[in-house]
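Residues per chain, in single letters:
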Amino acid sequence: MRKPIIAGNWKMNKTLAEAKEFTLAVKDAIPSKDVVDSVIGSPALFLAPMNCKRKDSELQLAAQNCFWENEGAYTGETSPAALADMGIEYVIIGHSERREYFHETDEEINKKAKAIFANGMTPILCCGETLETYEAGKTAEWIEGQITADLKDLSAEQVSSMVIAYEPIWAIGTGKSADANIADEICGVVRKTVEKLYGNEVAEKVRIQYGGSVKPENIAEYMAKENVDGALVGGASLQPDSFLALLSAVK
Ligand code: 13P
């Protein structure tokens, strides 16, 4: 039985005051980690203050990106070693916005995954296709290609413990969520790809999220599906009430 994982991805939203206020508003209402992993991926700027404010809470934190080296002359980058040292649990990598606007490649995403594991954190690896690919009926082969490249040379143990988020680009921030059956089918493609690369035991352990216009009103439909173990949520994770409502739907 895979433990559900609900992760908010705040993207580039909120001020410091708003991030602290959110943390204080939710920290005592987060369900037990034994039941569900509840994660907020905040801008890197707010991770340290949120880390202080979440003390004694079940709330976990994610960075939205990091570099693959731990230190050095890499102006503007975030060190995975520094994130781990602060106690940050997860790093989101390969989000379609980073692939599109910052031209991140599968090779770079793979290096980041290795660095995140080397520092004892868990990657949340995103994959997903454009509307064009979806309409051409090429989603499955696209997803298989991304996953195969992004997981290159990771161990079976690492892949068992990680999280993969399927986020169709056409469903992100559009209000046009993928039908739960489609989400289940493509999350199933992710699982089959893992099975092909690492075998059945690893494929049964890896946790797969759906992301794209998930809200409190529709999350239960996704969570009811066999291959969906959680959600990666943008807009609906920004307000405390809405984030807590997402968690209540699964606990
Ligand atoms: P929305 O939930 O706002 O569609 O964003 C999804 C997403 O990109 C999460 O990473």
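Residues numbered from 1 in each chain as written. Predicted model: local features only at pLDDT ≥ 70, side-chain atom pairs only at ≥ 80, totals over all residues. Heavy atoms only, no water.

## Structural notes on the pairing of strand β1 (residues 5-9)
Rules: For each residue, the accessible area found with a 1.4 Å probe, counting protein chains only, is set against the maximum for its type, and the residue is called buried under 20%, exposed over 50%, and partly exposed in between. Strands here mean DSSP runs of E at least two residues long; helices mean DSSP runs of H or I at least four residues long; both are numbered from the N terminus. Being paired, for any two strands, means DSSP has found at least two bridges between them. When the strands point away from the viewer and the path from the first strand over the helix to the second turns clockwise, the crossover is right-handed.
Where burial is concerned, most of β1 is hidden: 5 out of the 5 residues are buried. Across the two faces of β1 the burial is the same, with Ile5, Ala7 and Asn9 and Ile6 and Gly8 all buried. Both β1 and strand β2 (residues 37-41) contribute to a ladder of 5 bridges, which runs parallel. Within β2, the residue paired with Asn9 across the bridge is Gly41. In this region the chain leaves β1, passes through helix α1 (residues 16-26) and returns to the parallel neighbour β2; the handedness of that crossover is right-handed.

## Considering the pattern of salt bridges
Pairs may arise between side chains of opposite charge once their charged atoms sit close together. For clarity, the cut-off: Criterion for a salt bridge: a side-chain nitrogen of Lys or Arg within 4 Å of a carboxyl oxygen of Asp or Glu.
Overall, the coordinates contain 16 salt bridges when judged by the stated rule. The partner of Glu104 in a salt bridge is Arg98, and the shortest N-O contact between them spans 2.7 Å. We note a salt bridge from Asp150 to Arg99, for which the minimum N-O separation is 2.9 Å. Within this pair, whereas Asp150 is found in helix α7 (residues 139-150), its partner Arg99 is found in helix α4 (residues 96-101), the two being separated by 51 residues in sequence. Overall, the relative accessible area of 15% leaves Arg99 in the buried class.

## Section: the UniProt feature "binding site: substrate" (unreviewed entry) in the protein
Stated formally: UniProt positions are given in the numbering used here, feature names are shortened, and annotations may be inferred rather than shown by experiment. Contacts are residue-level and defined by heavy atoms, with any inter-residue pair within 4.5 Å sufficient. Any N or O atom pair separated by 3.5 Å or less is treated as a polar contact, with the protein-specific requirement of one donor-capable and one acceptor-capable atom, and with residues adjacent in sequence counted only for side-chain atom pairs.
Feature annotation in UniProt places "binding site: substrate" (unreviewed entry) on Asn9, Trp10, Lys11, Gly173, Ser213, Gly234 and Gly235, given in this structure's numbering. Taken together, the annotated residues stretch across 227 residues yet fold into one region, lying no more than 13.9 Å apart by C-alpha. As for its placement among the helices and strands, Trp10 is situated in the loop between β1 and α1. In this fold, Ser213 is placed in the loop between β7 (207-211) and α11 (219-223). In this structure, Ser213 is in contact with Ala171, Gly173, Thr174, Gly175, Lys176, Ser177 and Asn218, ignoring residues within four places of it in sequence. Within the structure, Ser213 has its side chain in polar contact with the backbone nitrogen of Gly175 (distance 2.8 Å).

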